[in-house]
Each structure stands twice: as C-alpha cells, then as structure tokens.
Number of protein chains: 2
Amino acid sequence: MAKEQGVTPQSQDFSEWYIDVIQKAELVDYGPVRGTMVMRPYGYALWENLQRELDRMIKETGHQNAYFPLFIPMSFLQKEAEHVEGFAPELAVVTHAGGEELEEPLAVRPTSETVIGYMWSKWIGSWRDLPVLMNQWANVVRWEKRPRPFLRTTEFLWQEGHTAHATREEAEEETRRMLGVYAKLARDYAAIPVWEGMKTEKEKFAGAVYTTTIEAMMRDGKALQAGTSHFLGQNFARAFEITFQDQDLEEKYVWTTSWGLSTRMIGAIIMAHGDDQGLILPPKLAPVQVVIVPIYRKNTREVVLEAARALAREIRRAGVRVHTDDRDQYSPGYKFNEWELKGVPLRIEIGPRDVEAGHAVLKSRLGGEKEFIGLRDLPGLLPERLEAFHRALYERALAFREAGVRRVDDYDAFKAQVEQGFAAAFHCGEAACEKAIQEETKATTRLIPFDFPDEEGVCVRCGKPSAYGKRVLFAKAY
Amino acid sequence: MAKEQGVTPQSQDFSEWYIDVIQKAELVDYGPVRGTMVMRPYGYALWENLQRELDRMIKETGHQNAYFPLFIPMSFLQKEAEHVEGFAPELAVVTHAGGEELEEPLAVRPTSETVIGYMWSKWIGSWRDLPVLMNQWANVVRWEKRPRPFLRTTEFLWQEGHTAHATREEAEEETRRMLGVYAKLARDYAAIPVWEGMKTEKEKFAGAVYTTTIEAMMRDGKALQAGTSHFLGQNFARAFEITFQDQDLEEKYVWTTSWGLSTRMIGAIIMAHGDDQGLILPPKLAPVQVVIVPIYRKNTREVVLEAARALAREIRRAGVRVHTDDRDQYSPGYKFNEWELKGVPLRIEIGPRDVEAGHAVLKSRLGGEKEFIGLRDLPGLLPERLEAFHRALYERALAFREAGVRRVDDYDAFKAQVEQGFAAAFHCGEAACEKAIQEETKATTRLIPFDFPDEEGVCVRCGKPSAYGKRVLFAKAY
Ligand SMILES: [Zn+2]
Ligand SMILES: [Zn+2]
C-alpha cells in the first residue's frame with residue numbers, strides 16, 4: 001500500500017486511526033477556525049444519503065420542515081433555567097453587526113427550543129392547532145473544548161424536530177416514536193445495532209423532563225450516543241407562554257418534545273464498521289456502492305474501458321450507485337487500496353481477458369473469495385448482493401457488540417470491563433455516585449435500556465439499592 | 001371574504017400587498033431579531049421544491065455538494081480588497097465564544113469565496129485536480145439596513161457554487177453555463193421570464209471581474225435580481241495562493257467562478273405572479289398543486305368525504321401533490337378564499353350531487369369557467385392541466401413584461417418610464433453618471449442583456465457615446 005494511503009492500525013491507536021481515515025478517505029478536512037470542519041464531497045454525499053432517508057421517515061410520520069433563525073436573543077436562552085445552565089458555557093455570541101455594537105448580544109443557536117417556543121406562542125391558539133409537528137435541517141454551534149471531526153465540532157449539521165401536543169400522553173408517545181425512527185435509521189440504513197433507552201437525570205438534555213437515546217458500540221468498545229429524543233413536559237411551554245384553548249374552553253400549556261440527529265452519525269458509521277484498511281460503508285448510505293476498476297495496458301485500454309463503461313451503464317440502470325475509476329495515472333493495486341480505504345462495499349475488476357471471456361471479478365469489502373460473474377448477470381445480481389452486504393455488516397457489528405458487553409456486580413470487575421467494553425450493572429441512581437464512577441473509571445451511564453429485563457440488585461459502586469428496577473449500561477463514551 | 005383573509009390590493013399599495021400575502025398565506029413570519037424571518041412549513045415546502053430541482057440541475061452539470069464552515073476569520077475577508085470593501089459594512093461578528101473573548105473575531109459568512117479559497121489552496125496541486133466543481137446549500141448573514149422577508153433578510157438560505165479551472169475560457173464558460181441553469185429554473189419551474197446579461201462595473205459582485213445576472217419584472221414594474229453568476233478571474237486565486245502545476249510543469253493560478261441563488265427567488269415568484277386574491281404559485285414548485293374542497297352538511301359529510309379521499313388517492317397516484325381540506329369548522333367559501341390566497345393552481349369542488357353524478361368541479365387559480373369532469377377521468381387529466389397552467393402563467397408574465405419595457409432615448413421619457421417599468425436606454429458606462437441616474441430617478445442599471453441587438457447611440461443622461469454597443473436595461477429594483 002502506498003504510504004499516503006496507509007492508516008494507523010486500530011489496535012495501535014484507535015484515535016489516530018480515526019483521524020487518518022476521515023482525512024485520507026476525503027470525508028472531511030479541518031477548517032481554519034479551531035474546532036470547525038469542512039465536509040468534502042465524499043463525506044457530504046454520505047450525509048446527503050442519510051439525510052434523504054431520515055427526511056423521508058420524518059415526513060412519513062407526519063412532520064413538516066420549516067426554518068427558524070440562526071440568531072437567538074441571549075435573553076431567550078435565560079428563560080428556561082436548566083437550559084441556559086447547560087448551554088451557556090458553549091455559546092458563540094455575536095456582539096457587533098452592520099458596523100455597530102448590538103444592544104442585545106445574540107447567541108448563535110446551539111439548539112432551537114427557545115426561538116421555536118417564542119414563535120409557537122404566537123401561532124398556537126386552539127386545540128385545533130395541535131399537534132404541531134415540525135422539523136428543521138440546520139447548522140448549530142456549540143463551542144467544544146475538545147473538538148473532533150463529526151463527534152464534537154464547534155459547528156455541526158443536524159435535524160432538530162420540535163413538536164407541541166395537547167396532552168402529556170401524546171407528547172410521550174411522540175418522544176418514543178421518534179427515537180424509534182432513529183433506531184430504524186441506525187439499524188436498517190447505517191447497519192448499526194443500537195440500544196434504545198432512557199438517560200439518567202444527570203445525563204439528560206438541559207431543559208428536558210427526560211431524555212431517551214440510542215447508543216451504539218464502536219470498535220474500540222466505547223459508546224457513541226447517536227441520536228436523542230426529549231420529553232420536555234411543559235418546561236418550555238411555561239417559559240415561553242405557549243398555551244392553547246382546549247375543547248373544554250380552558251387555557252392550557254402545551255406539552256412539547258424535541259429530538260435531534262446530527263453529523264455525529266457519520267462518526268458512528270466510521271467507528272462501528274471500519275477496519276485497518278479504512279472505512280466500510282453501509283451500502284444503503286454509501287456514496288459509491290460499487291466501484292469498477294478496469295485493468296489495462298496501453299494496447300488494451302480502449303477495449304477494457306469500453307466494456308467497463310457499458311457495464312457501468314447497466315449497473316446504473318439497475319438502480320445501483322456505481323463509479324468507474326478510469327484514471328490512467330494510478331495502478332489497479334493503488335486503486336484497490338484507495339477504494340478499500342473509502343469503504344466502497346463491492347468492487348468489480350475487469351481486464352482484457354475478462355472482456356474476452358465475458359465475465360468480471362466481484363470482490364466484497366468484507367472479505368471472502370473473488371468471484372467470476374458473467375457480464376450479463378452481474379448488474380441484476382448487485383442489488384441483492386448489496387442487501388446481503390448490509391445484513392452481513394449488521395450481523396458483524398451485532399456480534400462484536402454482544403462480545404463487548406458484560407453483566408458485572410463487583411466494582412473491580414466493573415472497572416476492568418469499561419476498559420474494553422460496556423458494563424451492565426445496577427446503580428443507586430444518585431448523581432453524586434454517578435459522578436464518582438465517572439471520576440474513578442471515566443465511564444458514564446449510557447442508558448437504561450428499554451428492553452433490559454426487570455431485575456433487582458445493589459449499586460455496583462456504593463451498595464445502595466438499585467434505582468431503576470433493571471441494570472444500566474455504563475461505558476466510556478465519545 | 002373573511003377579514004383575516006383579505007389582503008391590501010396591489011393597486012393600492014404593492015408593498016403592503018406583499019407583506020399581507022406572505023404572512024397570511026403562512027409563508028413566513030418575522031423572527032425575534034430584527035431583519036430575520038421564520039420560514040413556515042408552507043413557505044419552506046416551496047423552497048424545498050425549488051431546491052430539489054436546482055440541486056438536480058447542479059449535479060447534472062457535474063458539480064458535487066460540500067459544506068464549509070459558517071465562521072470565517074476576519075483576516076480572510078481582508079485578503080481580497082474589493083471583497084472586504086463590499087461586505088464589511090454588512091458583517092455580523094462573533095467576538096466571544098465558550099465564555100471567553102476570541103483572539104481573532106469571526107465573521108459569520110456573508111458568502112464563502114474566502115474560506116473555500118483557503119481550503120482549495122491545500123487541496124489543489126495539479127492540473128489533474130481541475131476543474132473543481134463544488135456547491136453548498138447554506139445559510140448566510142448580511143446585516144441589511146432595510147430588511148424585507150425573502151428579499152433582504154439578515155439571514156437567508158441559498159446555494160453558492162464555487163468552481164476552479166485551469167483556463168480563463170473554461171471558467172468563463174462555466175459562469176455562463178450556471179447562469180443558464182438559473183434562467184432555466186426561472187422559466188421552466190418558476191414560470192418567470194428573465195433577461196440574462198452582464199452587470200455593469202458598478203453593480204458587479206465585490207471581488208468579481210464581472211457578474212452575470214438574471215433579472216425579472218415584478219407586477220409593480222420593478223426589477224428583481226433572481227440569481228447571479230460571477231467570473232472571478234484570478235482575484236481569489238491570488239489572494240489565497242490557489243495554484244496548480246500545469247501539464248507544461250509551470251505553477252499557475254487557477255481561474256474561479258461563483259454563483260448563487262437564494263430564497264429571494266421565492267420573493268420573485270410571489271411578486272411576478274400574485275394578484276389581489278393572493279399568491280399564484282407555479283405548479284412545478286407549488287407545495288399543493290391541487291386542493292380538494294368537499295362540500296357537505298352533517299348528513300352528507302361521510303359520503304362526500306369518502307369520495308373526496310378516494311379521488312385524492314387516485315390523484316396522488318397520478319404523481320400530483322394534492323391536499324383534501326376536510327376541516328369541519330370552515331365553510332367551503334372560506335376555504336376557497338384561503339386556497340386562493342395560498343396560490344394553489346387547481347381547485348376541485350365536490351358535493352353530494354357531484355358524487356351521485358360521478359363528477360367534480362375543476363377551477364383554475366388563473367380564472368376561467370368552472371368545468372365538470374368525470375371522477376374517473378380527472379386524475380389522469382390533471383398532469384396536463386398543470387402543464388397548461390404553467391404555460392399560461394409564463395405567457396401571462398411574459399406579456400406583462402413586454403408591456404412594461406420601453407426603449408427611451410430622452411431623459412424625461414426615461415424618468416417617466418422607470419416610474420412604471422423598465423427603460424431600455426443607452427449609457428456612457430461611467431460610474432458617476434450611473435450614480436447620478438440612481439440619485440435622480442431611483443433607477444439602477446439592471447443588466448446589459450446578452451440578447452439585445454448591437455446598436456449605437458448616446459447616453460440617455462449625459463449624451464456621451466454609449467459604452468456597451470447596445471442598450472442597457474434600467475429599472476427601480478428590489
Ligand atoms: Zn451508588
Ligand atoms: Zn452618461
């Protein structure tokens with residue numbers, strides 16, 4: 001492998017591997033301002049594919065897109081006490097505009113509950129206006145101390161859904177429904193198994209009554225929170241006076257939710273699937289699903305390229321995203337490495353003898369033997385091969401995850417387990433104890449999974465009775 | 001018409017009409033920060049439709065999407081002298097972030113030539129890397145003195161294309177190609193006839209060698225610049241040291257272009273087509289192309305709604321965006337007014353007798369008789385009716401525009417003409433004379449149309465020889 005293509009092995013330094021891969025695969029580059037990133041075309045295409053699927057699911061569940069302003073008066077953020085406490089340290093603030101100092105400084109939105117709450121207080125009047133089911137695709141800014149591309153950047157892209165309901169029940173149902181949409185996106189499109197569950201009080205969104213989350217395991221055994229859905233109760237309704245006249249003619253506060261999924265999901269895809277050769281992209285989101293590498297010399301160039309292009313046309317017609325790498329200046333071997341680095345699921349090789357024989361070679365990014373397949377059959381075969389690739393990728397991640405989680409009831413075993421994976425343990429539910437665990441082990445409570453069985457026990461650290469009626473998942477996290 | 005639905009007539013006060021329409025049709029509302037707007041679901045859906053078509057055309061012409069940071073170091077903007085002069089007065093500036101004062105203040109991007117130039121200087125090395133054909137969909141901020149929704153807002157949404165080429169010729173071709181894409185979007189999707197041409201030196205983009213533009217006539221006779229494409233020469237290449245090694249092994253500066261189209265286009269759609277009843281939306285972009293208004297009383301409600309919904313299903317199957325207005329609390333008359341205000345191209349009315357007779361009533365937002373059409377035939381008929389609506393809307397705008405432009409060779413006639421429409425006149429090309437015309441008449445040079453015939457004459461104001469070899473279009477502008 002050429003030197004510029006090589007990445008640090010995962011086993012040697014997972015963080016270095018990550019930084020190598022995202023840059024060498026041309027997903028991102030660093031922007032000039034500390035903590036910002038540039039999404040290059042290959043990385044952005046991955047985001048666009050993810051965005052298209054998620055946008056469709058958001059609309060299918062009855063939501064409409066809208067767009068609210070980037071700038072939020074500082075006073076708005078102060079209206080919900082927990083909210084401002086959580087976000088104030090991370091704000092970027094505009095103090096000057098149009099050549100003058102502003103009377104009131106403006107926060108660059110870190111999230112939009114406040115400005116949306118303000119608008120809703122104008123728009124919502126009657127029970128007939130409810131539910132309000134909105135979503136926006138936007139950039140948000142949070143000034144991160146330890147930025148890392150896709151995972152924590154000072155600016156990132158996301159969607160934020162915001163809904164208002166007449167009853168608590170409806171809002172709680174919505175909270176769960178949208179978490180389910182995120183879980184579906186992770187499993188069925190990103191090929192990532194996720195746990196769904198509740199955040200503890202300590203880890204919830206600033207301003208929420210409670211937060212639900214999907215959590216995934218990366219290939220270094222750490223956790224990544226890939227999407228969250230918050231039940232906000234009437235906290236923002238009270239802060240922004242969002243009321244409606246109900247059918248009983250009484251004036252009531254609405255119940256709200258919010259839920260967000262960001263470019264972090266790309267970080268999850270990279271770290272849940274990648275290996276020492278680079279990325280392995282889930283076919284449903286991969287910008288290039290199949291790459292054709294023609295193998296030729298000067299005298300066979302024309303005939304091979306012609307066959308490769310004809311094949312690409314048929315593959316495209318079968319609804320597959322295909323790319324033909326016809327760059328003369330690189331060798332086939334160099335190209336193999338590059339497309340492996342870029343995580344393209346399937347590779348087709350075709351040389352002059354293959355053209356004569358009327359077949360081509362198919363190779364999977366997940367390994368296995370090379371296959372010779374007839375040129376006529378190949379295009380029609382690829383959609384099911386991509387489906388099979390998706391399933392294999394998911395099963396591989398699931399097996400890895402299952403091997404990486406262990407039930408522990410003893411603090412020493414707990415400490416050892418979070419060095420390599422997830423620990424399922426009982427906890428007393430006290431924030432001080434949770435904080436002590438974090439200080440002593442660097443692990444945090446990731447979630448209380450919905451599908452964990454009811455079980456009683458005592459706190460793995462302090463021995464007090466368990467607070468949640470089931471085990472909690474702990475891990476070091478991104 | 002119910003009072004809350006009424007809009008100020010265009011003839012009485014066009015500006016008031018505009019403000020009434022955009023708010024009452026629920027396209028937008030004002031944000032809490034001066035000059036900002038909220039795009040409500042109906043307005044945003046219009047933008048999404050426009051965005052989808054333009055994005056497709058941008059990709060079909062070989063461009064890839066990417067995303068560059070919102071924050072730009074102030075020092076970057078200063079690297080291109082004309083650029084900073086043009087944009088400095090409109091900048092919003094972040095001075096504090098993460099609880100601290102920043103060492104270097106950050107501009108919130110007003111446009112992204114500088115930050116993209118900086119990244120390109122890292123990415124581009126060889127002639128093999130060229131052309132670079134990129135686009136980004138983003139929000140930008142320009143602190144406007146006289147904000148107006150869609151037309152001039154402190155924050156707006158747009159796409160900005162940026163390309164780098166090995167030769168001047170290629171970059172100039174690209175500049176024209178993308179202007180052509182904008183003209184196509186305006187004509188074939190927004191049903192707006194536009195002139196394509198050059199901006200004068202005074203009106204060009206700050207930092208460009210020259211700017212090309214599409215200009216449209218609004219129904220008050222004023223002009224609206226709906227999209228611009230800039231040939232930037234080597235100005236930004238020199239400012240950011242964007243060089244490449246050419247095939248002759250020499251190190252050369254690249255040639256760049258940029259081109260942008262924004263939510264202003266929605267302002268153009270509103271003002272090019274609307275009437276005293278409200279919006280008239282071009283069918284290819286309308287969020288709702290056909291609205292069904294069921295007409296019923298309590299005892300006929302079920303049978304009528306059932307028929308309406310069955311019809312809607314068939315219409316949807318025919319690929320048409322249809323909405324059934326089944327709100328019990330409003331009368332059919334109220335609904336008619338509301339959907340006229342919202343500019344839906346075609347309306348279907350269906351009552352109990354229609355259900356019995358197996359037909360429905362079709363009515364166009366452009367007027368004309370009501371038609372009775374059989375329920376079986378209706379869905380299949382609608383796509384061609386929408387096509388015909390598009391053509392009629394375009395022809396209507398074109399006829400209006402042709403009536404609104406006049407060749408004038410005398411300054412008094414010029415002054416009278418720009419009170420009501422566009423003046424095609426000769427100009428000396430001197431910035432001071434152009435400025436004097438603006439001060440004396442409020443009209444500006446809109447463009448030097450590519451398709452105006454070669455013609456000689458003398459400046460309509462100062463009598464010096466014409467500078468452009470053809471007439472120039474002048475008008476008051478948004
Ligand atoms: Zn404890
Ligand atoms: Zn003159």
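Values in this document were obtained by computation on a predicted structure and should not be read as measured data. (Residues numbered from 1 in each chain as written. Chains lettered and ligands numbered in written order. Predicted model: local features only at pLDDT ≥ 70, side-chain atom pairs only at ≥ 80, totals over all residues. Heavy atoms only, no water.)

Chemist: Teacher, can you tell me more about the coordination of the zinc ion (ligand 2) here?
Modeler: Reference values for angles at a metal are 109.5 degrees in the four-donor tetrahedral case and 90 or 180 degrees in the six-donor octahedral case. Residue and element names in this part refer to chain B. All of the protein donors around the zinc ion (ligand 2) are Cys428 (SG), Cys433 (SG), Cys459 (SG) and Cys462 (SG); their distances to the metal are 2.3 Å. Around the zinc ion (ligand 2) sit four donor atoms, and with donor-metal-donor angles ranging over 102 to 122° the site reads as tetrahedral. Mapping the donors of the zinc ion (ligand 2) onto the primary sequence yields the spacing C-x4-C-x25-C-x2-C. Of this pair, Cys433 sits in helix H14 (residues 431–441) while Cys462 sits in the loop between strand S22 (444–449) and strand S23 (472–475), and the two are 29 residues apart along the sequence. (Donors = N, O, S within 2.8 Å, 3.2 Å for Na, K, Ca; no water. Tetrahedral: all angles 85-135°; square planar, octahedral: opposite > 155°, others 65-115°. Helix = DSSP H or I, 4+ residues; strand = E, 2+ residues; numbered from the N terminus.)

Chemist: Looking at this structure, how should I read the coordination of the zinc ion (ligand 1)?
Modeler: Residue and element names in this part refer to chain A. Protein-derived ligands of the zinc ion (ligand 1) are Cys428 (SG), Cys433 (SG), Cys459 (SG) and Cys462 (SG), with the metal-ligand distances lying across 2.3 Å. Given four donor atoms and angles of 102 to 121° at the metal, the environment of the zinc ion (ligand 1) is assigned as tetrahedral. Sequence positions of the donors to the zinc ion (ligand 1) reduce to the motif C-x4-C-x25-C-x2-C. You can call Cys433 buried: its relative accessible area is 5%. (Buried < 20%, exposed > 50% of the residue type's maximum accessible area, 1.4 Å probe, protein only.)

Chemist: Sorry if this is basic, but what is going on with the pattern of salt bridges here?
Modeler: Should their charged atoms come close, side chains of opposite charge can pair. This structure, assessed with the given rule, holds 70 salt bridges over all chains. The residue Lys204(B) makes a salt bridge to Glu82(B) at a minimum N-O spacing of 3.5 Å. Taken as a pair, Lys204(B) in the loop between strand S9 (195–198) and strand S10 (210–217) and Glu82(B) in helix H4 (residues 81–87) lie far apart in primary sequence, 122 residues in all. Residues participating in the shared-partner salt-bridge network are Asp325(A), Arg327(A), Lys335(A) and Glu338(A). (Salt bridge = Lys/Arg side-chain N within 4 Å of Asp/Glu carboxyl O.)

Chemist: Is there a simple way to think about the domain arrangement of chain A in this case?
Modeler: Size of an interface, as often reported, equals the accessible area lost when the parts are brought together. Residue and element names in this part refer to chain A. Taken domain by domain, chain A holds domain 1 (14–273), domain 2 (290–387) and domain 3 (405–475). Centre-to-centre separation of domain 1 and domain 2, based on C-alpha positions: 40 Å. Across the contact, six residues belong to domain 1 and four residues belong to domain 2. Interface of domain 1 and domain 2: buried area, both sides summed, is about 460 Å²; carbon and sulfur atoms make up 54% of it. On the surface where domain 1 and domain 2 come into contact, there are zero salt bridges. Summed over the shared surface of domain 1 and domain 2, the number is one residue pair in polar contact (both at pLDDT 80 or more). Looking at the side of domain 1 that touches domain 2, the element that brings in the most residues is helix H2 (residues 41–60), giving three residues. Of the residues contributing to the side of domain 1 that touches domain 2, the split by class is two nonpolar, one polar and three charged. (Domains from an automatic or database assignment. Contact = heavy atoms within 4.5 Å. Buried area = accessible area lost by both parts, 1.4 Å probe. Polar contact = N/O pair within 3.5 Å; in protein donor to acceptor, adjacent residues only side chain to side chain. Nonpolar A, V, L, I, M, F, W, Y, C, P; charged D, E, K, R; others polar.)

Chemist: Which parts of the structure should I look at to understand the interface of chain A and chain B?
Modeler: Listed by partner, the interface residues are 53 residues for chain A and 52 residues for chain B. Summing both sides of the interface, chain A and chain B together bury roughly 4,300 Å²; the carbon and sulfur share of this comes to 65%. Interface area lost by chain A to chain B is led by Pro32(A), Tyr67(A) and Phe71(A), which between them contribute 15%. A salt bridge links Glu48(B) to Lys59(A), with the nearest nitrogen and oxygen atoms 3.0 Å apart. Where chain A meets chain B, there are 24 residue pairs in polar contact (both at pLDDT 80 or more). Here the side of chain A that touches chain B is composed, by residue class, of 33 nonpolar, ten polar and ten charged. Two strands pair when backbone bridges link them, and strand S5 (residues 92–97) of chain A and strand S5 (residues 92–97) of chain B are joined in this way by five bridges, in the antiparallel orientation. The residue of S5(B) that forms the bridge with His96(A) is Val93(B). (Pairing = 2+ DSSP bridges.)

Chemist: How do you make sense of helix H12 (residues 378–403) of chain A when you look at a structure like this?
Modeler: For an α-helix, the turn length of 3.6 residues means that residues three or four places apart are oriented alike. Residue and element names in this part refer to chain A. In this model H12 runs 36 Å from its N-terminal to its C-terminal C-alpha over 26 residues, within 8% of the 38 Å that 1.5 Å per residue would give. Within H12, the axis deviates most sharply at Glu384, by approximately 25°. When H12 is considered as a whole, its buried residues turn out to be Leu378, Pro379, Leu382, Leu386, Phe389, His390, Leu393, Tyr394, Ala397, Leu398 and Arg401. (Expected span 1.5 Å × (residues − 1). Bend = angle between axes of the 7 residues up to and from the residue.)

Chemist: Where do I start with the sheet that holds strand S15 (residues 290–294) of chain B in this structure?
Modeler: Sheets are built from strands paired through backbone hydrogen bonds, the pairs being either parallel or antiparallel. All names here are of chain B. An order of S16-S15-S17-S18-S19 is seen for the five strands of this open sheet, with the pairing classed as mixed. The sheet is open, and its two borders are formed by strand S16 (322–324) and strand S19 (371–374), each paired with just one other strand. The mean angle between the axes of side-by-side strands here comes to 30°, regardless of whether they run parallel or antiparallel. Contacts between helix H9 (residues 301–317) and the sheet are confined to S15, S16 and strand S17 (346–350), with S15 contributing the most and set at about 170° to the helix. The sheet contacts of helix H12 (residues 378–403) involve S15, S17, strand S18 (359–364) and S19, and relative to S17 the element is tilted by about 150°. (Axes fitted to C-alpha atoms, helices over the stretch in contact; angles between N-to-C directions.)

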